[in-house]
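Descriptive structure summary
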Amino acid sequence: MALIEELNQQGNFLFRWRSYIPGVILFLSLLYLPYVPYFQGNYMSNLYWLAGAFVVSFAGLFVRCFTIGYTPKNTSGRNTKQQVADVVNQSGIYSLVRHPLYVGNFLMYLGPVIILRDFAFALVYIMFFYLYYERIIFAEEYFLRGKFKDAYLKWADKTPAFIPRLSGYVKPNLDFSFRNIWKREYPSLFGIIVVFTVFDLIQIYFQEPNLRMVDIAGIWKPFHTWFFGFGLVFYVVTRIIVKTTKLLEVEGR
């Protein structure tokens, strides 16, 4: 098999599992986390560091939401079985970068990595992400080039693949759809909330082994209950809405 065909085959395989395989990074982070001391040696300083990492992950979610808010149906999707594209997105954030959703994913997973405060682990993450998504991007662009030909090539020639350019923004063709974001990105928001809640509790457990369970519960109540509780209620309510109604359906999205 020619290398170009092999890379395309690998990319299509990884494309189908792209929502799950990066979880390897989260798993490895969890294994490492018990050995990471509190930032500056105390819980409150560590909580501020955790909040900074959360902002990085939330920035990734923001990039995803901004992308999805303007895109039409059958583009920028969560489809996993095969490549789907009715048009080549060239406006909005797609006028600055060809793969904004993957930029968002990179930042979302970078947040938990930052919690570990380990430069070597961060480099491993960056390399893993690069090798993993490089093949997915190759398969997507192979498909788009074959379907849209010169229209795709002209756009790709002037638009970077991953690191956004800072000029040349083109106003989106569609209006912004908050309902489309709500319908498609609620699992991502809940996932971020779960990850950061679990990471914080694991650090509490291992860095303060003398705490009794009632003490840990005391730390839990003022912060984690509201944080995690909001995420859980939001997720459950949204899932019920999505599965039982058409409230979040948007024509053409």
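None of the values given here were measured: they were computed from a predicted structure. Sequence order as written defines the numbering, with residues in each chain counted from 1. Totals for whole chains, interfaces and linings use every residue, but because this is a predicted model, local features are given only for residues with pLDDT of at least 70 and side-chain atom pairs only at 80 or more, for both listing and counting. Side-chain metrics in this entry use all non-hydrogen atoms of the structure; hydrogen atoms and water are not considered.

1. A look at the confidence of the model for the protein
Looking at the protein, the pLDDT average stands at 87 and 90% of residues meet or exceed 70. Ranking the elements of the protein by mean pLDDT puts helix α1 (residues 3–16) last with 77 and helix α4 (residues 100–115) first with 95. Here pLDDT means the predictor's own confidence in every residue, given as a number from 0 to 100. The helix count covers DSSP runs of H or I at least four residues long, the strand count covers runs of E at least two residues long, and both are numbered beginning at the N terminus.

2. Here we look at the nonpolar core
Working definition of a nonpolar core: buried Ala, Val, Leu, Ile, Met, Phe, Trp, Tyr and Cys residues. They are joined through side-chain atoms within 4.5 Å. Three labels apply to residues, based on accessible area from a 1.4 Å probe with only protein chains included: buried if under 20% of the type maximum, exposed if over 50%, partly exposed otherwise in between. The biggest cluster of nonpolar side chains holds 51 residues, and the ones touching the most others in it are Leu33, Val113, Ile115, Tyr125, Ile136, Tyr152 and Phe196. Listing elements by their share of this core, those giving two or more residues are α1, α2 (23–32), α3 (43–68), α4, α5 (119–148), α6 (150–158) and α7 (178–207). Among the elements that line this core, the one with the most residues is α5, at ten residues. Any two residues whose heavy atoms approach within 4.5 Å are treated as being in contact. Apart from the residues lying within four places of it in its own chain, the contact partners of Leu33 are Ile115, Leu116, Phe199, Ile202 and Gln203.

3. Description of the packing of aromatic side chains
Between rings of Phe, Tyr and Trp, where Trp is taken as its six-membered ring, a pair exists when centres lie within 6.5 Å; planes separated by under 30 degrees are stacked, by over 60 edge-to-face, and by other angles tilted. Counted according to the given criterion, the structure contains 27 aromatic pairs. Aromatic side chains Tyr125 and Phe129 sit 6.0 Å apart centroid to centroid with 55° between the ring planes, which places their arrangement in the tilted category. You can see Tyr125 and its partner Phe129 sitting in helix α5, four residues apart, about one turn around the helix. Like Phe129, Tyr125 is buried.

4. What about the pattern of salt bridges?
Should a side-chain nitrogen of Lys or Arg be within 4 Å of a carboxyl oxygen of Asp or Glu, the pair is scored as a salt bridge. Taken as a whole, this structure holds four salt bridges when the rule is applied. In this structure, the salt-bridge partner of Arg135 is Glu134, at a minimum N-O distance of 3.2 Å. Of the residues examined, Glu134 reaches a relative accessible area of 33% and is grouped as partly exposed.

5. Quick notes on the environment of Lys171
Counting through the fold element by element, Lys171 comes out in the loop between α6 and α7. We classify Lys171 as exposed; its relative accessible area is 71%. Here the alpha-carbon distance between Lys171 and Ser91, two residues 80 residues apart in the chain, equals 6.0 Å. With near-sequence residues (within four places) excluded, Lys171 lies in contact with Ser91 and Gly92.

6. Things to note about the packing of α3 against α4
A packed helix pair is summarised by two numbers, namely the angle formed by the two axes and the spacing between the axes. Helix axes use the C-alpha atoms of the stretch in contact, all axes being lines fitted to C-alpha atoms, and the angles between their N-to-C directions lie in the range 0 to 180 degrees. Remark: α3 packs on α4, axes separated minimally by 8 Å, with the N-to-C direction vectors making an angle of 170°. Here α3 is positioned roughly antiparallel relative to α4, judged by the angle of their axes. Residues Trp49, Leu50, Ala53, Val56, Ser57, Ala59, Gly60, Leu61, Val63, Arg64, Thr67 and Ile68 of α3 pack against Pro100, Leu101, Gly104, Asn105, Leu107, Met108, Leu110, Gly111, Pro112, Ile114 and Ile115 of α4. Looking at the contact of α3 with α4 residue by residue, the class counts come to 16 nonpolar, six polar and one charged. When an angle is under 35 degrees it counts as roughly parallel; over 145 it counts as roughly antiparallel; between 65 and 115 it counts as roughly perpendicular; any other value is oblique. Just so you know the grouping, Ala, Val, Leu, Ile, Met, Phe, Trp, Tyr, Cys and Pro go in nonpolar, Asp, Glu, Lys and Arg go in charged, and all remaining residues, Gly too, go in polar.

7. Structural notes on α1
The periodicity of an α-helix, 3.6 residues per turn, causes residues three or four positions apart to be oriented the same way. The first and last C-alpha atoms of α1 sit 20 Å apart over 14 residues, in line with the 20 Å expected at 1.5 Å per residue. Asn8, Gly11, Leu14 and Phe15 are the residues of α1 that are buried. For α1, the angular spread of buried residues about the axis comes to 130°, placing them on one side. Summarising the contacts, the buried residues of α1 are in contact with α4 and α5. Take the number of residues in a helix, subtract one, and multiply by 1.5 Å to get its expected span. It is the directions from the helix axis to the C-beta atoms whose arc is reported.

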